[in-house]
Amino acid sequence: MFSTDPMADWTAFFRKEDDDEEEEEGDEGAGDYKITGRDSLVFLVDASKDMFIKGEDGAPSNFDMTMQVVRTVYTSKIISSYRDLVALVFYGTEQSKNPRNSFKHVYVYHDLDEPGAKRVQEVDALRGSKGAQLAAETMGSGETSLGDALWCCANLYSDIKLRLSHKRLMLFTCRDNPHGGDSGKDRQARTKAGDLKETGVVIDLMHLMKPGGFDVSLFFRDIISPPEDNSELGLQTNPSEKLEDLQKRVRAKEQKKRAMARLSLSLGEGVKIAVGMYATAVQARKPGAIKLYRETNEPVRSKSRIFHTQTGSLLLPSEIKKAQVYGRKQIVLEKDEVDSLKKFGDPELYVFGFKPMENLKLHHHIRPAVFIYPEEEEIKGSACMFSALLKKCIEKNVFALCRCIARRNYPPRFAALVPQEEELDDANVQISPPGFNVIYLPYADDVRTLDTPQCPSASQTQVDKMKEIVTKLRFKYRSDAFENPVIQQHYRNLEALALDMAAPEETDDLILPKVDQIDQRLGILADEFRDMVYPANYNPDSKPAPKRKTEANGGGAVKKPKVEVPEDELRAHVQNGTLAKLTVPVLKAACKQFGIQITGTKKQELIDALLAKLGS
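Note that the structure is a prediction, hence the values are computed from the model and not measured. (Residues numbered from 1 in each chain as written. Predicted model: local features only at pLDDT ≥ 70, side-chain atom pairs only at ≥ 80, totals over all residues. Heavy atoms only, no water.)

(A) Structural context of the overall build of the chain. Helix and strand content of the chain: 16 helices and 16 strands. Within the chain, the proportion of its 616 residues that are buried is 34%. For the chain, the share of sequence-separated contacts (at least 6 apart) that also reach a separation of at least 24 residues comes to 69%. For the chain, the accessible surface area stands at approximately 40,200 Å², while carbon and sulfur atoms represent 51% of it. (Helix = DSSP H or I, 4+ residues; strand = E, 2+ residues; numbered from the N terminus. Buried < 20%, exposed > 50% of the residue type's maximum accessible area, 1.4 Å probe, protein only. Contact = heavy atoms within 4.5 Å. Areas by Shrake-Rupley, 256 points an atom, 1.4 Å probe, with all protein chains shown as cover.)

In structure tokens:
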């Protein structure tokens, strides 16, 4: 049996066509993922008395730092991925609150659900000294059974009927031996942790500093999941002592590492490895406005239909063609012909050869670069081959020249694979991963030949003085140290509205120059450079007087052109009823020409005055 429903055929066709166009013209920041669904994150926080001990010199307690981190994640989820699920669970409490109250000393503060303004306010209430007092009154501190807490978290996941793409549990504690040597509770916790990991839950330990240090090997080594890559080894051994360290660690784990595309890297006939393409930096934009239905306040969804202009009937997919005008002829194309025109080849990176790094110029950078990393799950041996290729390119100081087709229906581009070594900081935390940066190269049509303007050349003394100024103002630039003030202010305003705050928090515009600091660094160098380059009486703070526009021949100010109309032409407009075609300045000049006294300046009033004078 074949379907005879035309609407079903129409919907199926246009859904597929829209998907193709979106894949061809969409933003590359959206991922081509193997797994779809929502991400989930459970914060499992130790509520024992040790967590509430304040640090030295008034430093916040471990519990207070954890609540600040939880609040930061909540707000970032609301902005970036509001459909993700987040939960907050405390263990080692005196009071118990969990589904069906099956577990003692486990307090589910927030179920696994989407974050919202109310949840942020409730987390805010647990911060500071008042928050510690509220936590003591609400939950208290009691016995600890990490096995029951993990079992409770497993039930939270099992109660969710939605499809989850990634499940993560973050464990915050400052006790390296939570059960005090109770082998029965230790065994139960290891068993429940193993059950969670078998269901796909990744368990991360966010251990905090305590007197005497935190020894992961005592208990938690068997609880947490193995590191996802070598860069995380340092994160699992060193405890967090400061809030900044804890936020950095949580951010590294919480942020998604999804590939824009997964494709093959072809090194020759029959030699292919699998790589994933990642965007290391994506421009942040303010979200677009969403239209809401005023009665229900629900988002409005728009649908498009194509109708025949003469009959008004709905057009089916088989009745719609695409055409291209060429040589004054309209060439009609079928859908499969359009698809074949779009396709240049299968998605892959095909290496042509290698070039010295000095051949890659700065002006070859025409769009943001992406990053490729091996995908061992796709093709076995990809990581080994990729590592060997990267090592040799670094040794020989060369880049790989290749043809890149990132996705299906994407046009091919030439690209340079620039090797990048792994970089670690003092705490053995990875700053930059090993891999290749994909630099998209311009075509010959993209390169322009510009006529450089002829400017007076500076003397060597002036050049040397400017070098001194540049040296004094030089600083180490880090992109993560500067936030977009427009976007920050936008989300601060939204946060203030959602949380019923009296006023939004002030944002510091970090891109403004620090004039006082610049003047202090330069000293008299700026004055010396000004005396060398500019005239004696030059004052950069004074504004020059505006100049009057002159004619090309330099004969005074530009005069307004005359707008007079000959009398016979004006009478012809009156006779033909086409006075409305004339402009207001022309009509004013005509009234003045015939001595008509006008009281208004509207066009219709001028026309009526002229008709009254010349129509009689």
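(B) View of the sheet that holds strand β16 (residues 435-440). Spatial ordering of the closed barrel is given by β6-β7-β11-β16-β13-β12-β10, a layout of 7 strands whose pairing is mixed. Each strand of the sheet is rotated relative to its neighbour by a mean of 40°, with strand direction disregarded. With 3 bridges joining them, strand β11 (residues 370-374) and β16 adopt antiparallel strand pairing. Paired with isoleucine 372 across the bridge in β16 is phenylalanine 436. (Pairing = 2+ DSSP bridges. Axes fitted to C-alpha atoms, helices over the stretch in contact; angles between N-to-C directions.)

(C) Region of the structure containing the environment of isoleucine 518. By the element assignment, isoleucine 518 lies in helix α12 (residues 515-522). Sequence spacing of isoleucine 518 and lysine 472 is 46 residues, and the spatial spacing of their C-alpha atoms is 8.7 Å. If sequence neighbours within four positions are ignored, isoleucine 518 has contacts with Leu473 and Pro513.

(D) Structural view of the packing of helix α10 (residues 460-473) against helix α13 (residues 525-533). Packing of α10 against α13 brings their axes to within 10 Å, and their N-to-C directions diverge by 155°. Taken together, the axes of α10 and α13 lie roughly antiparallel to each other. Crossing of α10 over α13 shows left-handed handedness. Contact with α10, carried on its side by Thr461, Gln462, Lys465, Met466, Glu468, Ile469 and Lys472, involves Leu525, Glu528, Phe529, Met532 and Val533 of α13 and no other residues of that element. (Parallel < 35°, antiparallel > 145°, perpendicular 65-115°, else oblique. Left-handed = near helix turned anticlockwise from the far one by under 90°.)

(E) Main features of the side chain of glutamate 348. Looking at the secondary structure, you find glutamate 348 in strand β10 (residues 348-356). Judged by relative accessible area, which is 13%, glutamate 348 ranks as buried. Other than its neighbours up to four places away in sequence, glutamate 348 contacts Leu263, Ser264, Ser266, Lys272, Arg403, Cys404 and Ile405.

(F) Quick look at the packing of aromatic side chains. Under the criterion given, the structure shown has 14 aromatic pairs. On the basis of an interplanar angle of 40° and a centroid distance of 6.4 Å, the ring pair of tyrosine 107 and tyrosine 109 is categorised as tilted. Each member of the pair tyrosine 107 and tyrosine 109 is classed as buried. Through successive ring pairs, a cluster of aromatic residues spans Phe52, Phe63, Phe90, Tyr107 and Tyr109. Its guanidinium or amino end placed over the ring of tryptophan 151, lysine 192 lies 3.6 Å from that ring's centre, counting from NZ or CZ. Cation over ring: arginine 367 sits above tyrosine 440, and NZ or CZ is 4.1 Å from the ring centre. (Phe/Tyr/Trp six-rings, centres within 6.5 Å; stacked < 30°, edge-to-face > 60°. Lys NZ or Arg CZ within 6 Å of the ring centre and 35° of its normal.)

(G) Inspection of the nonpolar core at higher detail. Formed by 33 residues in total, the largest nonpolar core has its most connected members in Val42, Leu44, Val89, Leu146, Leu169, Leu171 and Phe220. Secondary structure elements with two or more residues in this core: β1 (38-46), β2 (85-91), β3 (106-113), α5 (146-158), β4 (164-173), α6 (183-198) and β5 (201-207). Beyond its immediate stretch of four places on either side in the chain, leucine 44 contacts Val89, Tyr91, Leu146, Ala149, Leu150, Cys153, Leu169, Met170, Leu171 and Phe172. Core analysis: the next-biggest nonpolar cluster, separate from the first, contains 30 residues, Ala47, Val70, Tyr109 and Leu126 among them. (Core = buried A, V, L, I, M, F, W, Y, C linked by side-chain atoms within 4.5 Å.)

(H) A look at the pairing of strand β12 (residues 398-405). β12 sits mainly inside the fold: 6 of its 8 residues count as buried. Pairing geometry for β10 and β12, over 8 bridges, is antiparallel. Directly across from glutamate 348, in β12, lies its bridge partner isoleucine 405. Here β12 runs beside strand β13 (residues 413-420); their pairing, made up of 5 bridges, is antiparallel. The residue bridging arginine 403 from the neighbouring strand is phenylalanine 414, located in β13.

(I) Structural detail: the side chain of lysine 192. Tracing the backbone through its elements, the reader meets lysine 192 in helix α6. Here lysine 192 is buried and forms no salt bridge, its nearest opposite-charge partner aspartate 195 lying at an N-O distance of 4.2 Å. Not counting residues up to four positions away in its chain, the partners in contact with lysine 192 are Gly147, Leu150 and Trp151. (Lys, Arg positive; Asp, Glu negative; His and termini not counted. Salt bridge = Lys/Arg side-chain N within 4 Å of Asp/Glu carboxyl O.)

(J) Molecular detail of the environment of alanine 369. Within the fold, alanine 369 resides in the loop between β10 and β11. Under the relative-accessibility criterion, alanine 369 is labelled partly exposed at 23%. Separated by 69 residues in the primary sequence, alanine 369 and valine 438 have C-alpha atoms spaced 5.4 Å apart.

(K) Examining the confidence of the model for the chain more closely. A residue-level look at the chain finds 86% of positions with pLDDT of 70 or above and a mean pLDDT of 82. In the predicted structure, residues 1-35 sits below a pLDDT of 50 and forms 57 contacts with residues beyond four places in sequence or in another chain. (pLDDT = per-residue confidence, 0-100.)

(L) Quick look at the sheet that holds β5. In spatial order, the strands read β3-β2-β1-β4-β5; together these 5 strands make up an open sheet with mixed pairing. Edge positions in the sheet fall to β3 and β5, since each has one partner strand and no second. Looking at each pair of strands side by side, their axes are set apart by 15° on average, direction ignored. Inspection of the sheet shows β1 paired to β4 by 8 bridges, in the parallel sense. Paired with leucine 44 across the bridge in β4 is leucine 171. Strands β2 and β3 of the sheet are contacted by helix α3 (residues 117-124), whose axis makes an angle of about 155° with β3.

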